Each structure stands twice: as C-alpha cells, then as structure tokens.
Amino acid sequence: MPCPWYQYGVCTSPKLPGPTDAIVSAQRCLSDTEYKSCQYYVEPPASKSNQQRSVRKDKLKIYTPIHAIPQEIQIECPFATITRTEGNILIAYCKVLDRPLTKYEAITCSKYWRDCPYRLASPE
C-alpha cells in the first residue's frame, strides 16, 4: 500500500504547509513500508467520523451547472446520497470520496455503482 499522504504525484502530509511535489520520491512513496521512514510521514487518523463528514458536507460549495442532477436519477449505492441543498438544488454526495458528485459522475454512479472502484476499496 502506498503512502496515504501521496496523492496525484504530490505529498499532502499534515506536517507541510500545503501539497508539494518537491519532496516526493516515487520509489519511497509507492513502496509498501519504506514511506514510514519519511520525515513528513504521520499516522493517518483511523477514519473520519460521521460527524466530521457531515460538517464538511454542510460547508461544501455547490456550483449548479456542475453539481445539479436531474430529478429522475436514482443511486442504489449505500455510499451515495441524493439531497437537496438550501437553494432546492438536487445533488449527489459520495461518502467514500467525501465530496459532491458532478452530474456526469452521478449518472455514471447511477448506472454502474456495483462496479465502482471507490466503493470496492472502501474500508466500511
């Protein structure tokens, strides 16, 4: 398993002021255990609690042209929820990704949720 702080080619360690690729060594970051010797490595929290997730969900900024989904979409995945925002906009939210889905992702999620790699990799 690669380093949990290595994402999209950058280090996102909480010890750093922000994501950077200046300290990334693919050999170390992608190894199974070697990344633990990195000075920027810290143990990740066990998992986010539902309370932490709901706090973030309330603070999300929704951009209607991207996130608004049609009324007829139904998503059967247990990690997805369809909710209405304060502005009465219907959005899909993925609990595994911890973010709202775009309308195109929501349509794909609706059709192919059983094969979703995020759902299959979820620790829950």
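Residues numbered from 1 in each chain as written. Predicted model: local features only at pLDDT ≥ 70, side-chain atom pairs only at ≥ 80, totals over all residues. Heavy atoms only, no water.

Draft legend 1. Spatial organisation of the pairing of strand β3 (residues 80-84). Where β3 meets strand β4 (residues 90-94), five bridges bridge the pair, whose relative direction is antiparallel. For Arg 84, the partnering residue across the bridge sits in β4 and is Leu 90. Hairpin connection from β3 to β4: five residues lie between these consecutive antiparallel strands, with Asn 88 at a positive phi of about 65 degrees. (Pairing = 2+ DSSP bridges. Helix = DSSP H or I, 4+ residues; strand = E, 2+ residues; numbered from the N terminus.)

Draft legend 2. Up close: the pattern of salt bridges. Scanning the entire structure with this criterion turns up one salt bridge. Measuring nitrogen to oxygen at the nearest pair gives 2.9 Å for the salt bridge that ties Glu 105 to Arg 99. (Salt bridge = Lys/Arg side-chain N within 4 Å of Asp/Glu carboxyl O.)

Draft legend 3. Region of the structure containing the pairing of β4. For β4, a buried count of five out of five residues is recorded, marking the element as mostly surrounded by other parts of the structure. Between the end of β4 and the start of strand β5 (residues 99-101), which pair antiparallel, lie four residues, with Asp 98 showing a positive phi angle near 60 degrees. (Buried < 20%, exposed > 50% of the residue type's maximum accessible area, 1.4 Å probe, protein only.)

Draft legend 4. Fine view of the confidence of the model for the protein chain. Mean pLDDT over the protein chain: 82, with 86% of residues reaching 70 or higher. In the model of the protein chain, helix α2 (residues 50-59) stands out as the element of lowest mean pLDDT, 50, in contrast to helix α4 (residues 103-112), which has the highest, 93. pLDDT under 50 marks residues 50-55. Its contacts with residues more than four places away, or in other chains, come to six contacts. (pLDDT = per-residue confidence, 0-100. Contact = heavy atoms within 4.5 Å.)

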